[in-house]
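# Secondary and tertiary structure notes
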Amino acid sequence: MSFDHLTGKPWFRPEYTRQAAERMLHASPVGTFVIRPSSTPDCLALSQKSDDGEIFHARILCIRRGNQYVGYSIGGDSEVFQTVDALLKRVQPKTKLVAPTAPGGGGG
């Protein structure tokens, strides 16, 4: 399944592995995050640098009907969001998300 619908989002890094996300985030300000494909099929991952400088990862479950994504849920939460943007808006106040400034670059 493709995540082409996320192309162009400043936080989406389709080429990133967990290790690539960690390398980029270690050199970024606290709160910087990326969304990347998960190692679990048909899932995404949120990778973020936390307040203590550690990198954490959360699985985003992708709910689909046929070839269309119809919802997203994070970390087994029962709340389902229609878009990744909506999911990020919901978690942002709790986690102080900071979008990276440019693909391959640090946060801003």
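Here goes a summary of the coordinates provided. (Residues numbered from 1 in each chain as written. Predicted model: local features only at pLDDT ≥ 70, side-chain atom pairs only at ≥ 80, totals over all residues. Heavy atoms only, no water.)

## Some points on unusual backbone geometry
One non-glycine residue, Asp42, lies in the positive phi region at around 60°. Along the chain, Asp42 turns up in the loop between strand E1 (33–37) and strand E2 (43–49). On the accessibility criterion, Asp42 (25% relative accessible area) is partly exposed. (Helix = DSSP H or I, 4+ residues; strand = E, 2+ residues; numbered from the N terminus. Buried < 20%, exposed > 50% of the residue type's maximum accessible area, 1.4 Å probe, protein only.)

## Here we look at the state of the cysteines
By definition, a disulfide links two cysteine residues through a covalent bond between their sulfur atoms. For the structure shown, the criterion picks out zero disulfides. Lacking any disulfide linkage, Cys43 is separated from the closest cysteine sulfur, that of Cys62, by 5.6 Å. Cys62 sits in the buried class, given a relative accessible area of 12%. (Disulfide = S-S within 2.5 Å.)

## Focus: helix H1 (residues 18–26)
Taken residue by residue, H1 has Ala20, Ala21, Met24 and Leu25 as its buried positions. Across the axial projection of H1, the buried residues extend over an arc of 125°, all falling on one side. Across H1 from its buried face, at more than 90 degrees, point the exposed residues Arg23 and His26. Along its buried surface, H1 packs onto E1, E2 and strand E3 (55–65). (Arc of directions from axis to C-beta. Contact = heavy atoms within 4.5 Å.)

## Side note on the nonpolar core
If you look at the biggest cluster of nonpolar residues, it comprises 20 residues, and the most contacted ones within it are Trp11, Ile35, Leu44, Leu46, Ile60, Tyr72 and Leu88. No other element matches the four residues that helix H2 (residues 84–95) contributes to this core. Not counting chain neighbours up to four residues away, the residues in contact with Leu46 comprise Phe33, Val34, Ile35, Phe56, His57, Ala58, Ile60, Ile74, Leu88 and Leu97. Within the second largest apolar cluster, seven residues are counted, among which are Tyr16, Ala21, Met24 and Val34. (Core = buried A, V, L, I, M, F, W, Y, C linked by side-chain atoms within 4.5 Å.)

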